[in-house]
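Structural features, examined
Each chain, letter by letter, is given below.
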Amino acid sequence: MDRRSELSDFLRSRRARLSPQDVGLRDYGGRRRVPGLRREELAQVAGLSVDHYVRLEQGRALRFSPEVLDAVARVLRLDPSEREHLYNLAVPEAGRGGGAGQRVRPGLVRLLAAAEGVPAYVVGRRTDVLAWNRLAGSLFADFDALPSNHRNLARLLFLDEDYGRVYRDRDRKAEDVVAYLRLDAGRHPGDPVTEALLAELAERSPEFRRHWGAHGVRDKTRGRYRLRHPAVGDLDLAYETLRLPDDPDQVLVFHTADPGSGSERALAKLRAESG
């Protein structure tokens, strides 16, 4: 992922979402060569010269003030994840380094094991699955049987048919995984392992290429997924995430069922069967 190209494509994709009316400008009609807000219109509303904004969108300068980036983010109506991605691309020093060889603390592994009634796992850099409990392995994938470099949510979703069938709303899951992977790539620009993963997925999966081309950016926070398991049937599970304060590149994910629901009974059955 070339940082300059990513910055340019990201900003163009966000301009395309808006119309002049969205930012308080009149649309005088006429045919537009590209959809959405023009560069000069964005610059006008953000209080920038057109040349200054063009240099940002083309990555022709490496340093932009927080005031400039904040003005662009405001006009483009970027959410917190998109704003972070803009900063990571426009000011690469703001991105975090390191992340290689991540390890999960023993205490966290014990916490996963103690959460017997809910599927839980730890996601690290590049959507790598770093640790999991027995119920997560029974519900999503037999992580123990996978080579360590295949314990990756993006690789499993786009390259493993069995894993992909777990999600009844697969397209939304794919969108979420790609958006989170893009956010991670922006946090760690130039990481060779990430670059290799992106190249492999782009080469082997048209579905990945389609979602990557949408330039979505999203952190993993909370939500719901509709799942299907061959042994216990359909489930509707909520998920919550906890980011480790001493390693923000590790996220603890818990999936829970509504009390008294069929999904709760299905999880209990799966837990009993996985023993």
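Scroll up for the structure.
What you see is a predicted model, and the numbers here were worked out from it, not measured in a lab. (Residues numbered from 1 in each chain as written. Predicted model: local features only at pLDDT ≥ 70, side-chain atom pairs only at ≥ 80, totals over all residues. Heavy atoms only, no water.)

Right, let's talk about the pairing of strand S5 (residues 247–256) for a bit. Most of S5 sits out of view: seven of its ten residues are buried. Of the strand pairs in this sheet, strand S1 (residues 120–123) and S5 are connected by four bridges, and their pairing is antiparallel. Within S5, the residue paired with Val123 across the bridge is Val251. In this sheet, S5 lies alongside strand S4 (residues 233–244) in antiparallel orientation, the contact comprising seven bridges. Of the residues in S5, the one forming a bridge with Thr241 is Val253. Between S4 and S5, which pair antiparallel in sequence order, lie two residues. (Buried < 20%, exposed > 50% of the residue type's maximum accessible area, 1.4 Å probe, protein only. Helix = DSSP H or I, 4+ residues; strand = E, 2+ residues; numbered from the N terminus. Pairing = 2+ DSSP bridges.)

Grouped burial of nonpolar side chains is what soluble globular proteins tend to show. Counting residues in hydrophobic clusters, the biggest one holds 41 residues, and the most contacted among them are Tyr121, Phe140 and Leu227. Beyond its immediate chain neighbours, meaning those up to four positions away, Tyr121 contacts Leu112, Val129, Ala131, Trp132, Ala136, Phe140, Leu153, Lys220, Val251, Leu252, Val253 and His255. Ranked by size, the runner-up nonpolar core spans 28 residues in total, among them Val23, Phe64, Val68 and Ala71. (Core = buried A, V, L, I, M, F, W, Y, C linked by side-chain atoms within 4.5 Å. Contact = heavy atoms within 4.5 Å.)

No statement about biological role is implied by the geometric values presented.
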